[in-house]
Amino acid sequence: MLRPTLKAIHHVAIICSDYPCSKRFYTELLGLVVIAENYRHERDSWKLDLALPNGNQLELFSFPNPPPRPSKPEAQGLRHLAFLVEDVAEFVAYLTNEGVTVEPIRIDEFTGKDFTFFQDPDGLPLEIYQC
């Protein structure tokens, strides 16, 4: 039997501690578009489906009393979520103006492209990477 082929990443799911704060961060600050927003009464949980311009999706969940992330990017599991941007410096200036703390811009030693890190409201490491 032939191995089936993975086509793409459909979505990344994030559990947040403060749903309204995270919803604002990802929609208003980062500009992701709302596809659907549903309240799941049986779980006391919101599920927000967000779209990036290329069709990739991000799911934002709220749950009562989620456990905190164990540590920064070196924890086992998902290390960070990276977004492509046209101009890292321009995006850094925008984030900084909006009150987001951003690390200094670095150069990828293998590609020569700019990148840097910042955090969402729950401390999830996010990266912006030059197209």
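Before any of the text, the structure's been laid out above.
Now for a look at the structure at hand. (Residues numbered from 1 in each chain as written. Predicted model: local features only at pLDDT ≥ 70, side-chain atom pairs only at ≥ 80, totals over all residues. Heavy atoms only, no water.)

Across soluble globular proteins, you tend to see nonpolar side chains buried next to one another. With 24 residues, the main nonpolar core has F25, Y26, L30, L58, L95, F118 and L126 as its most contacted residues. Secondary structure elements with two or more residues in this core: β1 (11-16), α1 (19-29), β3 (45-51), β4 (57-62), β5 (81-85), α2 (88-97) and β8 (125-130). At four residues, the largest contribution of residues to this core is made by α1. Sequence-distant contacts of F118, defined by excluding residues within four places in its chain, comprise F25, L30, L95, V100, T101, V102, L124, P125, L126, E127 and I128. (Core = buried A, V, L, I, M, F, W, Y, C linked by side-chain atoms within 4.5 Å. Buried < 20%, exposed > 50% of the residue type's maximum accessible area, 1.4 Å probe, protein only. Helix = DSSP H or I, 4+ residues; strand = E, 2+ residues; numbered from the N terminus. Contact = heavy atoms within 4.5 Å.)

Turn by turn, an α-helix covers 3.6 residues, leaving residues three or four places apart pointing in a common direction. If you check which residues of α2 are buried, you get V88, V92 and L95. Axial view of α2: buried residues confined to an arc of 65°, hence all on one face. Away from the buried face of α2 by more than 90 degrees, exposed residues E90 and N97 are located. Those residues of α2 that are buried are in contact with α1, β5, β7 (114-119) and β8. Structurally, the start of α2 carries an N-cap: the backbone nitrogen of A89 is 3.0 Å from a side-chain oxygen of D87. Immediately beyond the C-terminal end of α2, within one or two residues, lies G99, with a positive phi of roughly 90°. (Arc of directions from axis to C-beta. Polar contact = N/O pair within 3.5 Å; in protein donor to acceptor, adjacent residues only side chain to side chain.)

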